[in-house]
Number of protein chains: 2
Amino acid sequence: MQRTGKRIGYHDEELEIARFAKALSHPVRIKILRLLENQTCCFTGEMTAMIPMAQSTISQHLKALHEAGLIQGEINPPRVKYCVNRENWERARELFDQFFSDSPNAFSC
Amino acid sequence: MQRTGKRIGYHDEELEIARFAKALSHPVRIKILRLLENQTCCFTGEMTAMIPMAQSTISQHLKALHEAGLIQGEINPPRVKYCVNRENWERARELFDQFFSDSPNAFSC
DNA sequence: ATAGTTTATCGTAAATTTACGATAATAACT
DNA sequence: AGTTATTATCGTAAATTTACGATAAACTAT
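Quick caveat: nothing in here was measured; it's all calculated off a predicted structure.

A. Highlighting the packing of aromatic side chains. If you walk through the whole model with that rule in mind, you get 9 aromatic pairs over all chains. Judged by centre distance (5.5 Å) and plane angle (45 degrees), the ring pair of A:Trp89 and B:Phe99 falls under tilted. With A:Trp89 in helix H5 (residues 86–101) and B:Phe99 in helix H5 (residues 86–101), this residue pair bridges two chains. Accessibility assignment for this pair places A:Trp89 and B:Phe99 in one class, buried.

B. Local environment of the relation of the copies chain A and chain B. When chain A is fitted to chain B, the residual RMSD is 0.0 Å, and the transformation amounts to a turn of 180 degrees plus an axial shift of 0.0 Å. Read as a symmetry element, the transformation amounts to a two-fold axis. No C-alpha of chain A approaches the rotation axis more nearly than that of A:Ala21, which lies at 2.4 Å.

C. Looking closely at the protein's contact with DNA strand C. Neighbouring DNA strand C are 25 residues, the closest being A:Lys22, A:His61, B:Gly45, B:Ser59 and B:Tyr82. Among all atoms of DNA strand C positioned within 4 Å of the protein, those belonging to sugar or phosphate total 60%. Take A:His26: an N or O atom from its side chain is 3.2 Å from a phosphate oxygen of DNA strand C. One nitrogen or oxygen atom from the side chain of A:Arg29 is found 3.1 Å from a phosphate oxygen belonging to DNA strand C.

D. Structural view of the interface of chain A and chain B. With 52 residues of chain A at the contact, the number on the chain B side is 52 residues. Carbon and sulfur atoms make up 64% of the area that chain A and chain B hide from each other, which totals about 4,900 Å². Where chain A meets chain B, there are 4 salt bridges. Inspection of the chain A/chain B interface yields 10 residue pairs in polar contact (both at pLDDT 80 or more). Of all the elements, H5(A) adds the most residues to the side of chain A that touches chain B, at 10 residues. For the side of chain A that touches chain B, the class distribution of residues is 28 nonpolar, 9 polar and 15 charged.

E. Region of the structure containing the protein's contact with DNA strand D. The environment of DNA strand D is formed by 24 residues, the closest being A:Gly45, A:Ser59, A:Tyr82, B:Lys22 and B:His61. Near-protein atoms of DNA strand D (within 4 Å) split between backbone and bases, with sugar and phosphate holding 60%. Taking A:Val80, its main chain carries an N or O atom lying 3.5 Å from a phosphate oxygen of DNA strand D. Side-chain polar atom of B:Ser56 to a base oxygen of DNA strand D: 3.1 Å apart, as the coordinates give it. Per-element tally for the surface near DNA strand D: the top contributor is helix H4 (residues 55–67) of chain B, with 4 residues.

About the cut-offs
Residues numbered from 1 in each chain as written. Chains lettered and ligands numbered in written order. Predicted model: local features only at pLDDT ≥ 70, side-chain atom pairs only at ≥ 80, totals over all residues. Heavy atoms only, no water. Phe/Tyr/Trp six-rings, centres within 6.5 Å; stacked < 30°, edge-to-face > 60°. Helix = DSSP H or I, 4+ residues; strand = E, 2+ residues; numbered from the N terminus. Buried < 20%, exposed > 50% of the residue type's maximum accessible area, 1.4 Å probe, protein only. Least-squares fit on C-alpha atoms with pLDDT ≥ 70 in both. Near = heavy atom within 4 Å. Polar contact = N/O pair within 3.5 Å; in protein donor to acceptor, adjacent residues only side chain to side chain. Contact = heavy atoms within 4.5 Å. Buried area = accessible area lost by both parts, 1.4 Å probe. Salt bridge = Lys/Arg side-chain N within 4 Å of Asp/Glu carboxyl O. Nonpolar A, V, L, I, M, F, W, Y, C, P; charged D, E, K, R; others polar.

The structure is reproduced here in structure tokens:
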């Protein structure tokens with residue numbers, strides 16, 4: 001992804017949006033977030049029960065969402081209760097909202 | 001990405017969001033869309049002049065955005081004039097807006 | 001026809017993502 | 001101590017992404 005000496009000067013916001021977008025770029029992660037949004041479930045196990053994927057794979061996707069900051073986990077032995085991370089969720093909402101809305105004159109090129 | 005016989009039943013919206021998100025998951029593609037949004041430029045060449053990346057790489061990213069439906073190109077020989085695709089842009093805005101907003105009870109898990 | 005300009009495509013190498021099963025880790029129970 | 005239940009991590013293979021230079025394609029202009 002970065003092979004030459006050339007540096008592209010990205011703005012923080014560009015990196016931020018891309019980072020959130022990357023977390024949302026797999027349908028199963030969208031599904032997981034939807035489940036958390038609807039409070040249909042919270043424990044990892046409930047997700048693995050509802051999504052026909054290996055437990056390790058679900059865990060991997062949860063990790064991706066966690067690293068992007070979109071979810072957080074609370075240990076509740078032996079289980080882990082996940083939920084949406086309010087602060088970053090709001091931040092992501094704001095970024096996407098802004099990104100899509102400040103485009104008044106972009107269409108008629 | 002799909003190696004077993006198991007099929008995960010994704011909803012169309014989940015696939016749609018993931019698809020748009022994937023298009024937005026690289027900072028240079030965000031940058032390109034920003035340029036188009038601000039009408040700073042429209043021709044491929046203007047982008048390759050502003051972004052220190054190989055022309056072929058820029059073209060590849062434009063292709064990705066085009067395939068996701070976010071931009072469209074109008075041939076204007078020997079150049080190509082790109083702009084945001086109004087319909088799909090609105091669709092994406094709608095999807096993300098919806099996705100981030102219907103989460104009233106998700107935080108207090 | 002030839003040359004010039006602009007953009008897309010090809011070939012390819014390196015990096016990353018995605019999925020799986022197997023195993024480890026953690027903490028509660030016998 | 002040993003068992004059980006739940007989740008994370010490891011190792012790994014296949015697929016995809018990303019970047020580049022080289023080349024082709026398309027269309028103008030000479």
